[in-house]
Amino acid sequence: MTQVNKTYEFVSSAKLPTRWGQFRIHGFIELDSKQEHVALSYGDWQEGEVVPIRIHSECLTGDALFSTRCDCGFQLEKALQNIVEHGKGVLLYLRQEGRGIGLLNKIRAYHLQDQGMDTVEANEHLGFDADLRDYGICKLMLETLGVTRVELMTNNPKKLAALQKMGIEVTSRKPIDHGITPENKSYIRTKTEKLGHEFDPHLLK
């Protein structure tokens, strides 16, 4: 692997066995913010080959603490499963907790949601935009892994547009309608109605 941009640095790679299969984990650091990100890769591909990928923003409550008030942990698991079933792929894990507002502010937003606000209203009440995430590092991470053409696993068309704007060819978008629970249906409806995410409407009834 080679560093392809001076705004970040590739740190190291290692084997990462999981309950889905043997991945490799690759560490990256943004030199200005010192923010750390990782990519998980599975299998091999040739130059120019279409590779399934998932861009996943960190969600401690959903990914590690098994919360069902969001669908993050469910989508993370489904993406890894899909990659293994496909035989190759990449998961970019970006440290952007709470759509970029951070863990403690996300808990504050949860408290406001407990009082009746939706997720967008709560973020804005705290003085943040509805979504502060930045996908700029994704191109650099993918190029380091030799990926230039992708099948994107997401319900968020904004991620697709962001990759295309950076020059990554997105050949298709594969939705992840997975992990809808009674506790997160309202949250997912808000993402659909206010943030432009696309879900099968029959699943939200």
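Taken in spatial order, the seven strands make up an open sheet running E1-E2-E3-E5-E4-E6-E7, and their pairing is mixed. Single-partner strands in this sheet number two, and they are strand E1 (8-17) and strand E7 (169-174). Strand-to-strand twist in this sheet, taken as the mean axis angle between neighbours without regard to direction, amounts to 25 degrees. Strand direction decides the pairing type here: strand E4 (residues 50-57) and strand E6 (residues 149-153), joined by four bridges, are parallel. Looking across to E6, one finds that Val50 is bridged to Arg149. Packed onto the sheet, helix H5 (residues 136-144) meets E1, strand E2 (22-30), strand E3 (36-42), E4, strand E5 (89-94) and E6 and runs at close to 145 degrees relative to E5.

Moving on, we get to the environment of Lys88. You can see Lys88 is positioned in the loop between helix H2 (72-86) and E5. Owing to a relative accessible area of 13%, Lys88 belongs among the buried residues under this scheme. Here the alpha-carbon distance between Lys88 and Phe23, two residues 65 residues apart in the chain, equals 9.6 Å. Those residues in contact with Lys88, other than ones at most four positions away along the chain, are Tyr42, Gly43, Asp44, Trp45, Glu49, Val50, Pro52 and Ile83. At 3.0 Å, the side chain of Lys88 forms a polar contact with the side chain of Glu49.

Procedures and definitions
Residues numbered from 1 in each chain as written. Predicted model: local features only at pLDDT ≥ 70, side-chain atom pairs only at ≥ 80, totals over all residues. Heavy atoms only, no water. Pairing = 2+ DSSP bridges. Helix = DSSP H or I, 4+ residues; strand = E, 2+ residues; numbered from the N terminus. Axes fitted to C-alpha atoms, helices over the stretch in contact; angles between N-to-C directions. Contact = heavy atoms within 4.5 Å. Buried < 20%, exposed > 50% of the residue type's maximum accessible area, 1.4 Å probe, protein only. Polar contact = N/O pair within 3.5 Å; in protein donor to acceptor, adjacent residues only side chain to side chain.

Note that all results are geometric; they support no functional claim without further evidence.
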